[in-house]
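Secondary and tertiary structure notes
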Amino acid sequence: MIGYNYLAGHTSATWPGVPWQSPRKTSDQLLQPLAGSPHLPDNSSLPIASDFTFLSSGISWAPHGAHGLVYGPGYADPATFGSEGGNVAYLDGSVQWQHQSYMHKYSADQGGGYFAYW
């Protein structure tokens, strides 16, 4: 399975009108350089994409178990079904491996049924 989380452009740490959810990451807002500016205007260490470690009510999965893709029951912590972590891409163009124990859970939709880790 190939998938990713697109993390750029979030404007608040929670979904509007859904305060009970786990936090969403607030990220860079402007990915284009300002006119005449040789650099991006936001913090270059902000994550903009990550591997698709995903939780829902029916199933959970992670792309990087000991032998590849691993599955677990709905809303299971990825570490409990064998996730070892994932890649995170940053605004500066770098990509870094993040061990599962250092990844955080974020709400991935407005309805509250889906979560992702990075």
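Provided above is the structure to which this section pertains.
My aim in this report is to walk through the structure given alongside it, one point at a time.

Quick notes on the rules
- Residues numbered from 1 in each chain as written.
- Predicted model: local features only at pLDDT ≥ 70, side-chain atom pairs only at ≥ 80, totals over all residues.
- Heavy atoms only, no water.
- Pairing = 2+ DSSP bridges.
- Helix = DSSP H or I, 4+ residues; strand = E, 2+ residues; numbered from the N terminus.
- Axes fitted to C-alpha atoms, helices over the stretch in contact; angles between N-to-C directions.
- Buried < 20%, exposed > 50% of the residue type's maximum accessible area, 1.4 Å probe, protein only.
- Contact = heavy atoms within 4.5 Å.

Observations regarding the sheet that holds strand β8 (residues 105-107)
What the five strands build is an open sheet, ordered β5-β4-β3-β9-β8; its pairing is antiparallel. This sheet does not close on itself; its edge strands, each paired only once, are β5 (68-73) and β8. Adjacent strand axes in the sheet meet at a mean angle of 25 degrees, parallel and antiparallel pairs treated alike. As judged from the three bridges shared by strand β3 (residues 53-55) and strand β9 (residues 115-117), these two strands associate in the antiparallel manner. Each residue of the ladder has a partner; that of Thr-53, found in β9, is Tyr-117.

Re the sheet that holds strand β2 (residues 47-51)
Pairing is antiparallel in the open sheet, where four strands are placed in the order β1-β2-β6-β7. Of all the strands in the sheet, just β1 (4-6) and β7 (95-99) have a single pairing partner and so form its edges. For this sheet the average axis-to-axis angle between neighbouring strands, irrespective of direction, equals 25 degrees. Two strands pair when backbone bridges link them, and β1 and β2 are joined in this way by three bridges, in the antiparallel orientation. Within the sheet, the bridge partner assigned to Tyr-6 lies in β2 and is Ala-49.

Details of the environment of Val-70
On the secondary structure map, Val-70 appears in strand β5. Val-70 gets classed as buried once you look at its relative accessible area, which sits at 16%. C-alpha of Val-70 to C-alpha of Phe-81: the two residues are 11 residues apart in sequence and 6.9 Å apart in space. When sequence neighbours within four positions are dropped, the list of residues in contact with Val-70 reads Ser-60, Trp-61, Ala-62, Gly-65, Phe-81, Gly-82 and Ser-83.

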